[in-house]
Amino acid sequence: MQIIVRKPTPAERNQMLTQPTWECAVSRFDWHYDEQEACLLVAGQVTVTYDGGNVTFGPGDYVIFPRGLSCVWDVSEPVKKHYTFG
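Draft legend 1. How the structure looks around the nonpolar core. Counting 17 residues, the largest nonpolar core has Ile 3, Val 48, Phe 57, Phe 65 and Trp 73 as its most contacted members. Secondary structure elements with two or more residues in this core: β4 (37-50), β5 (53-57), β6 (62-65) and β7 (70-85). The dominant element in this core, judged by the number of residues it contributes, is β4, at 5 residues. With near-sequence residues (within four places) excluded, Val 48 lies in contact with Ile 3, Gly 53, Asn 54, Val 55, Phe 57, Phe 65, Cys 71, Val 72 and Trp 73. Formed by 5 residues, the second largest nonpolar core is a distinct cluster that contains Met 16, Leu 40, Tyr 62 and Ile 64.

Right under this line is the structure:
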(Lines give C-alpha, C1' and ligand atoms only; values in the text may rest on other atoms or scores of the structure.)
Protein backbone atom coordinates (compact mmCIF):
# COMPACT_ATOMS: atom_id res chain seq x y z
CA MET A 1 0.00 0.00 0.00
CA GLN A 2 1.41 3.36 -1.01
CA ILE A 3 0.42 6.98 -0.54
CA ILE A 4 0.81 9.03 -3.72
CA VAL A 5 1.89 12.68 -3.38
CA ARG A 6 2.22 14.84 -6.48
CA LYS A 7 1.15 18.11 -8.04
CA PRO A 8 -2.36 17.93 -9.56
CA THR A 9 -3.09 18.38 -13.21
CA PRO A 10 -5.06 21.56 -14.00
CA ALA A 11 -8.23 19.44 -14.42
CA GLU A 12 -7.68 17.66 -11.07
CA ARG A 13 -7.05 20.99 -9.33
CA ASN A 14 -10.22 22.55 -10.77
CA GLN A 15 -12.30 19.50 -9.85
CA MET A 16 -10.90 19.31 -6.29
CA LEU A 17 -11.65 22.99 -5.64
CA THR A 18 -15.39 22.17 -6.00
CA GLN A 19 -15.23 19.49 -3.26
CA PRO A 20 -15.90 19.87 0.49
CA THR A 21 -13.16 21.15 2.79
CA TRP A 22 -11.77 19.76 6.02
CA GLU A 23 -9.65 21.66 8.54
CA CYS A 24 -7.50 20.45 11.41
CA ALA A 25 -5.39 22.17 14.07
CA VAL A 26 -1.87 21.06 14.97
CA SER A 27 -2.32 17.52 16.28
CA ARG A 28 -1.32 13.87 15.99
CA PHE A 29 -3.84 11.06 15.48
CA ASP A 30 -4.35 7.54 14.10
CA TRP A 31 -6.48 7.15 10.98
CA HIS A 32 -7.84 4.29 8.84
CA TYR A 33 -9.18 4.66 5.28
CA ASP A 34 -12.24 2.50 4.61
CA GLU A 35 -12.22 3.81 1.03
CA GLN A 36 -9.77 5.65 -1.20
CA GLU A 37 -9.42 9.39 -0.54
CA ALA A 38 -7.97 12.04 -2.83
CA CYS A 39 -7.23 15.47 -1.41
CA LEU A 40 -5.73 18.80 -2.40
CA LEU A 41 -3.95 20.59 0.42
CA VAL A 42 -4.68 24.32 0.49
CA ALA A 43 -2.77 25.13 3.69
CA GLY A 44 -0.68 23.41 6.35
CA GLN A 45 2.00 20.78 6.68
CA VAL A 46 1.46 17.08 7.40
CA THR A 47 3.64 14.01 7.80
CA VAL A 48 1.81 10.69 7.51
CA THR A 49 3.53 7.56 8.80
CA TYR A 50 2.43 4.09 7.64
CA ASP A 51 3.86 0.61 7.06
CA GLY A 52 5.42 1.79 3.78
CA GLY A 53 7.34 4.64 5.45
CA ASN A 54 6.29 8.25 5.71
CA VAL A 55 5.34 11.12 3.43
CA THR A 56 5.26 14.85 4.04
CA PHE A 57 3.02 17.17 2.06
CA GLY A 58 1.93 20.78 2.04
CA PRO A 59 0.03 23.45 0.10
CA GLY A 60 -0.61 22.59 -3.54
CA ASP A 61 0.02 18.85 -3.13
CA TYR A 62 -2.49 16.32 -4.47
CA VAL A 63 -2.51 13.23 -2.25
CA ILE A 64 -4.15 9.84 -2.80
CA PHE A 65 -4.63 7.52 0.18
CA PRO A 66 -5.46 3.89 -0.74
CA ARG A 67 -8.43 2.01 0.66
CA GLY A 68 -7.47 -0.08 3.70
CA LEU A 69 -4.54 2.12 4.76
CA SER A 70 -3.90 2.59 8.48
CA CYS A 71 -1.60 5.46 9.38
CA VAL A 72 -0.69 8.22 11.82
CA TRP A 73 -1.23 11.87 10.87
CA ASP A 74 1.19 14.38 12.38
CA VAL A 75 -0.17 17.86 11.58
CA SER A 76 2.66 20.34 12.21
CA GLU A 77 0.87 23.38 10.71
CA PRO A 78 -2.94 23.84 10.67
CA VAL A 79 -4.45 22.08 7.64
CA LYS A 80 -7.15 22.98 5.18
CA LYS A 81 -7.84 20.55 2.35
CA HIS A 82 -10.43 19.72 -0.28
CA TYR A 83 -11.25 16.02 -0.38
CA THR A 84 -13.24 13.33 -2.13
CA PHE A 85 -13.81 9.64 -1.35
CA GLY A 86 -14.23 6.73 -3.70
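Draft legend 2. The arrangement of the pairing of β5 in detail. Both β4 and β5 contribute to a ladder of 5 bridges, which runs antiparallel. When the bridges of β5 are listed, Val 46 appears paired with Phe 57. Hairpin connection between β4 and β5: a loop of 2 residues separates the two successive antiparallel strands.

Draft legend 3. Structural context of the side chain of Asp 61. Mapped onto the elements, Asp 61 comes out in the loop between β5 and β6. Accessibility expressed as a relative area gives 11% for Asp 61, which makes it buried. Among the polar contacts made by the side chain of Asp 61, one reaches the main-chain amide nitrogen of Gly 58 at a distance of 2.9 Å.

Draft legend 4. The state of the cysteines, seen in detail. The full count for this structure, using the stated rule, is 0 disulfides. Cys 24 takes part in no disulfide bond, and the closest cysteine sulfur, belonging to Cys 39, lies 12 Å away.

Draft legend 5. Structural detail: the pattern of salt bridges. Following the criterion strictly, the structure yields 4 salt bridges and no others. One salt bridge in this structure joins Asp 61 and Lys 7, with 2.8 Å as the shortest N-O distance. Here Asp 61, found in the loop between β5 and β6, pairs with Lys 7, found in the loop between β1 (4-6) and α1 (10-16); they are 54 residues apart in sequence, far enough to count as distant.

Draft legend 6. Local environment of the packing of aromatic side chains. In total, this model carries 10 aromatic pairs according to the counting rule given. Geometrically, the ring pair formed by Phe 29 and Trp 31 is edge-to-face, given 6.2 Å between the ring centres and 85 degrees between the ring planes. Every member of this aromatic cluster is reached through a ring pair, and the members are Trp 22, Phe 29, Trp 31, Tyr 33, Phe 57, Phe 65 and Trp 73.

Draft legend 7. Broad picture of the environment of Pro 20. Note on placement: Pro 20 falls in the loop between α1 and β2 (21-24). In this structure the C-alpha to C-alpha distance between Pro 20 and Lys 81, which are 61 residues apart in sequence, comes to 8.3 Å. The contact partners of Pro 20, leaving out residues within four places of it in the chain, are Lys 81, His 82 and Tyr 83.

The rules we used
- Residues numbered from 1 in each chain as written.
- Predicted model: local features only at pLDDT ≥ 70, side-chain atom pairs only at ≥ 80, totals over all residues.
- Heavy atoms only, no water.
- Core = buried A, V, L, I, M, F, W, Y, C linked by side-chain atoms within 4.5 Å.
- Buried < 20%, exposed > 50% of the residue type's maximum accessible area, 1.4 Å probe, protein only.
- Helix = DSSP H or I, 4+ residues; strand = E, 2+ residues; numbered from the N terminus.
- Contact = heavy atoms within 4.5 Å.
- Pairing = 2+ DSSP bridges.
- Polar contact = N/O pair within 3.5 Å; in protein donor to acceptor, adjacent residues only side chain to side chain.
- Disulfide = S-S within 2.5 Å.
- Salt bridge = Lys/Arg side-chain N within 4 Å of Asp/Glu carboxyl O.
- Phe/Tyr/Trp six-rings, centres within 6.5 Å; stacked < 30°, edge-to-face > 60°.

Keep in mind that these numbers describe shape and distance, not what the molecule does.
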